[in-house]
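Residue-level structural notes
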Amino acid sequence: MSQWRELTRNGLWSNNPALVQLLGLCPLLAVSGSVVNALGLAIATLLVMVGSSTTISLIRHQVPSAVRLPAFVMVIAAFVTCAELLMAAFAYSLYQVLGIFIPLIVTNCAILGRADAFASRQPVLPAAIDGFMMGVGFGAVLVLLGAIRELLGKGTLFSDMALLFGPVAANWQLTLVNDYQFLFFVLPPGAFFVAGLLIALKNVLDQHLAARAQPATVAPRTERRVRVTGTIK
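Residues numbered from 1 in each chain as written. Predicted model: local features only at pLDDT ≥ 70, side-chain atom pairs only at ≥ 80, totals over all residues. Heavy atoms only, no water.

Turning our eyes to something else, we now look at the side chain of serine 57. Checked against the element boundaries, serine 57 lands in helix H3 (residues 35-58). For serine 57, a relative accessible area of 0% gives the class buried. For serine 57, the contacting residues outside a window of four places in its chain are Ala119, Gln122, Pro123, Val124 and Ala127. (Helix = DSSP H or I, 4+ residues; strand = E, 2+ residues; numbered from the N terminus. Buried < 20%, exposed > 50% of the residue type's maximum accessible area, 1.4 Å probe, protein only. Contact = heavy atoms within 4.5 Å.)

Set out below in structure tokens:
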């Protein structure tokens, strides 16, 4: 159980691909203009990470070291193709919005990095759990970034969710500010700004937790000897 807790903590917080490793920043910053775009890419990335990590762990003893990385890229590309076809079949409008960023999951360094550093050296179950937790951690940051940018840039939340969930989500939009738009947060510079704030917030929380975990130091007690002189009558 300690191994599962360690994998969960690494994926969600201490070794988060987006906030710590700073991998996969291209789709993270480019697609996170709204919650629906971020959620769609997060689900696709999660499926690819779990599938590729599991498959690479299964074939790790059959792949020669000379062609290890090309083989891993081919496995990842196969799962990206599956995710792309599924999105085109069930959420075609969102697929058109995301465009080239779905095939670009193949080049996501977070997926290839975990495949080479962990999945290729571990049994199937730990590799699958690691891929799932890393995908959830990456997706959580992606969705949070999309929510902040949509809120600050458009004054809404959950707009156009019908692109992913169909007509049932047509009324999910929350309009917090009417007739509002702040282009800075909608455009790429806003993505860099919000991502930097999230990274800084995580570092501050880590420092605070580390300070609380340290035992309180007690100052050493010093004794002073006072020499008393006097006359006895």
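Inspection of every chain in the model, using the stated rule, returns four salt bridges. Of the charged contacts, one joins arginine 114 and aspartate 130 as a salt bridge, the two residues approaching to 2.9 Å between their closest N and O atoms. On the criterion of sequence distance, the pair formed by arginine 114 in helix H6 (residues 109-117) and aspartate 130 in helix H7 (residues 124-154) is long-range, its members being 16 residues apart. Exposure class is identical for arginine 114 and aspartate 130. Each is buried. Note that aspartate 206 and lysine 202 form a salt bridge whose closest N and O atoms lie 2.5 Å from each other. Pair noted here: aspartate 206 and lysine 202 are both in helix H10 (residues 188-213), with a separation of four residues, about one helical turn. On the accessibility criterion, aspartate 206 (26% relative accessible area) is partly exposed. (Salt bridge = Lys/Arg side-chain N within 4 Å of Asp/Glu carboxyl O.)

On to the UniProt feature "transmembrane region" (unreviewed entry) in the chain, then. Taken from the UniProt record, the annotation "transmembrane region" (unreviewed entry) applies to residues 12-32, 38-59, 71-91, 97-115, 127-148 and 182-201. Spanning residues 127-148, this segment combines 100% helix with 0% strand, and its end C-alpha atoms are found 32 Å apart. Helix makes up 90% of residues 182-201 and strand 0%, and the two end C-alpha atoms of the span are 23 Å apart. (UniProt positions renumbered as here; feature names shortened; annotations may be inferred.)

Attention shifts here to the packing of aromatic side chains. This structure, assessed with the given rule, holds seven aromatic pairs. For the pair phenylalanine 182 and phenylalanine 185, a centre-to-centre distance of 5.2 Å together with 85° between the ring planes defines the contact as edge-to-face. Exposure remark for phenylalanine 182: the relative accessible area of 40% places this residue in the partly exposed category. Note on phenylalanine 184 and phenylalanine 193: the rings are 5.8 Å apart at their centroids and 65° apart in plane angle, and the pair reads as edge-to-face. Among the aromatic side chains, those forming a connected cluster through ring pairs are Phe182, Phe184, Phe185 and Phe193. (Phe/Tyr/Trp six-rings, centres within 6.5 Å; stacked < 30°, edge-to-face > 60°.)

The subject of this paragraph is the layout of surface pockets. Estimated volume of the largest pocket: approximately 150 Å³. Residue composition of the lining of the largest pocket, grouped by class: nine nonpolar, one polar and no charged. (1 Å grid on protein atoms, 1.4 Å probe; cavity = no way out; pocket = protein on both sides within 12 Å on 5 of 7 lines; lining within 4 Å. Points joined across faces, edges and corners; volume = space filled by probe spheres on them. Nonpolar A, V, L, I, M, F, W, Y, C, P; charged D, E, K, R; others polar.)

Time to look at the packing of H3 against helix H4 (residues 68-90). Where H3 meets H4, the axes come as close as 9 Å, and the angle between the chain directions of the two elements is 140°. Classed by the angle they form, the pair H3 and H4 counts as oblique. Considering how the two elements wind past one another, H3 and H4 form a crossing that is right-handed. Where H3 approaches H4, its residues Gly40, Ala44, Val48, Gly51, Ser52, Thr55 and Ile56 are matched on the opposing element by Phe72, Val75, Ile76, Phe79, Val80, Ala83 and Met87. Across the contact of H3 with H4, the residue classes break down as ten nonpolar, four polar and no charged. (Axes fitted to C-alpha atoms, helices over the stretch in contact; angles between N-to-C directions. Parallel < 35°, antiparallel > 145°, perpendicular 65-115°, else oblique. Left-handed = near helix turned anticlockwise from the far one by under 90°.)

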